[in-house]
Amino acid sequence: EGDSIFGRNFDWQHRASLLLFTEPPNGYASVSMVDLYYLGFEGMQEIPWSKRFILLASPYATIDGMNECGVAISQNAVPERNTPKDPNKPTLLNSQIIRLVLDHAADVDQALALIQKYNVEFANTSVHFHIADASGKSAIVEYIEGGISIVRDDNLWQVSTNYLFSEPQQPDCWRYKTASKALSETQGNISQVEAMRLLQDTSQDSTVWSVVYNLINGQINLVMGKNYDRVHTFNLEMKSP
């Protein structure tokens, strides 16, 4: 119906997750998914009051999210490359890059300009970033031997998974093929319900969450632990154009 949507599966072994709403005083409001493992929590547990202060670091352990301008970003694990660092640029961890974009980018072009001002240090595993905005623009940002590579797509949609699109040799990935085929057949025109079904079709045993962000009306559809019969729905109030 003319909306731009962004969906992703987070496939990992951790099982402590948080849906986080933030409203920084000098940035855009956003919603994001956080892997609490990186803050020292694992599995379903009651968090003692003495440890809850650690949750204040949640905005900097973000895996994917959307801000009130309709910018969405996710990080996906990819093979590591010997990416040079510019000594004249400050360095951020990969999850801090996510926070940078959510707090300060109003569209894909602004996100790319911000990212290129920093070196990245991977906290746990190498990643690339997939970014989209309310206009339908998207890009994948990768860190390779030559530096930063920006990958765009001529289609009205863009699919990414866990390999480097900048490299000439592409692996045979069934998840990429499944998503690309479904989007090609509809010219990228699918509903939020159909998008979640596509995430289900490309899920794995290790899928922790599946999320669909509507970059126009701010709706978030979230499935935890592959329980696709139970879709949790939330809303982020979007900024007026």
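Preceding this section is the structure that the text describes.
So, how was this worked out
- Residues numbered from 1 in each chain as written.
- Predicted model: local features only at pLDDT ≥ 70, side-chain atom pairs only at ≥ 80, totals over all residues.
- Heavy atoms only, no water.
- Axes fitted to C-alpha atoms, helices over the stretch in contact; angles between N-to-C directions.
- Helix = DSSP H or I, 4+ residues; strand = E, 2+ residues; numbered from the N terminus.
- Parallel < 35°, antiparallel > 145°, perpendicular 65-115°, else oblique.
- Left-handed = near helix turned anticlockwise from the far one by under 90°.
- Contact = heavy atoms within 4.5 Å.
- Nonpolar A, V, L, I, M, F, W, Y, C, P; charged D, E, K, R; others polar.
- Pairing = 2+ DSSP bridges.
- Salt bridge = Lys/Arg side-chain N within 4 Å of Asp/Glu carboxyl O.
- Buried < 20%, exposed > 50% of the residue type's maximum accessible area, 1.4 Å probe, protein only.

Colleague: Looking at this structure, I do not really get the packing of helix α1 (residues 94-104) against helix α2 (residues 108-115). What am I missing?
Modeller: For any two helices packed against each other, the geometry is given by the interaxial angle and the distance between the axes. Orientation of α1 relative to α2, taken along the N-to-C sense of each, is 140°, at an axis distance of 10 Å. Taken together, the axes of α1 and α2 lie oblique to each other. Here α1 runs over α2; the crossing is right-handed. Each of Ile97, Leu100, Val101 and His104 in α1 lies in contact with α2, whose residues at this interface are Gln110, Ala111, Leu114 and Ile115. Classifying every residue of the contact of α1 with α2 gives six nonpolar, two polar and no charged.

Colleague: Got a minute to help me understand the sheet that holds strand β12 (residues 219-224) in this structure?
Modeller: By way of backbone hydrogen bonds, the strands of a sheet pair with one another, either parallel or antiparallel. A sheet is described by the order of its strands in space; here four strands give the open sequence β1-β11-β12-β13, paired in antiparallel fashion. In the strand order of this sheet, the two ends are held by β1 (5-11) and β13 (232-235), each with one partner. Here the average twist between neighbouring strands, direction ignored, is 15°. One ladder, built from four bridges, connects β12 with β13; its direction is antiparallel. Across the sheet, Asn221 pairs through a bridge with Thr233, a residue of β13. Seen against the sheet, helix α4 (residues 192-201) touches β1, β11 (207-214) and β12 and runs at an angle of roughly 155° to β11.

Colleague: In this structure, what is going on with the pattern of salt bridges? I would like to understand it.
Modeller: Side chains that carry opposite charge are capable of pairing whenever their charged atoms lie near each other. Under the criterion given, the structure shown has nine salt bridges. Here Asp172 makes a salt bridge to Lys177, at a shortest N to O gap of 2.5 Å. The exposed category is assigned to Asp172, whose relative accessible area is 64%. Measuring nitrogen to oxygen at the nearest pair gives 2.6 Å for the salt bridge that ties Glu185 to Lys181. Separated by four residues within a single helix, Glu185 and Lys181 lie in helix α3 (residues 174-185), roughly one turn from each other. The burial state of Glu185 is the same as that of Lys181; both residues are exposed. A network of salt bridges, in which partner residues are shared, links Asp109, Lys137 and Arg152.

Colleague: Teacher, can you tell me more about the pairing of β11 here?
Modeller: Looking down a regular strand, the side chains alternate between one sheet face and the other. Of all eight residues making up β11, eight are buried, and the element is well covered by its neighbours. Across seven bridges, the pairing between β1 and β11 is antiparallel. Following the sheet pairing, Arg8 is matched in β11 by Val211. With five bridges connecting them, β11 and β12 associate as antiparallel partners. Bridge pairing links Tyr213 to Ile220 in β12. In this antiparallel pair of consecutive strands, β11 and β12, the connection spans four residues, and Gly218 shows a positive phi of 80°.

Colleague: For this particular structure, what's the right way to read the sheet that holds strand β5 (residues 72-77)?
Modeller: Overall, antiparallel pairing links the seven strands, which are arranged β2-β3-β4-β5-β8-β9-β10 in an open sheet. Sheet topology places β2 (17-22) and β10 (147-151) at the edges, where each strand pairs with a single neighbour. Between one strand axis and the next, the sheet turns by 20° as a mean value, whatever way the strands run. The sheet contact formed by β2 and strand β3 (residues 30-35) spans six bridges and is antiparallel. Its bridge partner lying in β3, Phe21 is registered against Val31.

Colleague: In this structure, what is going on with the side chain of Asn221? I would like to understand it.
Modeller: Counting through the fold element by element, Asn221 comes out in strand β12. Judged by its relative accessible area of 7%, Asn221 is buried. Once residues within four sequence positions are removed from consideration, Asn221 is found in contact with Gln192, Met196, Ser210, Val211, Val212, Val231, His232 and Thr233.

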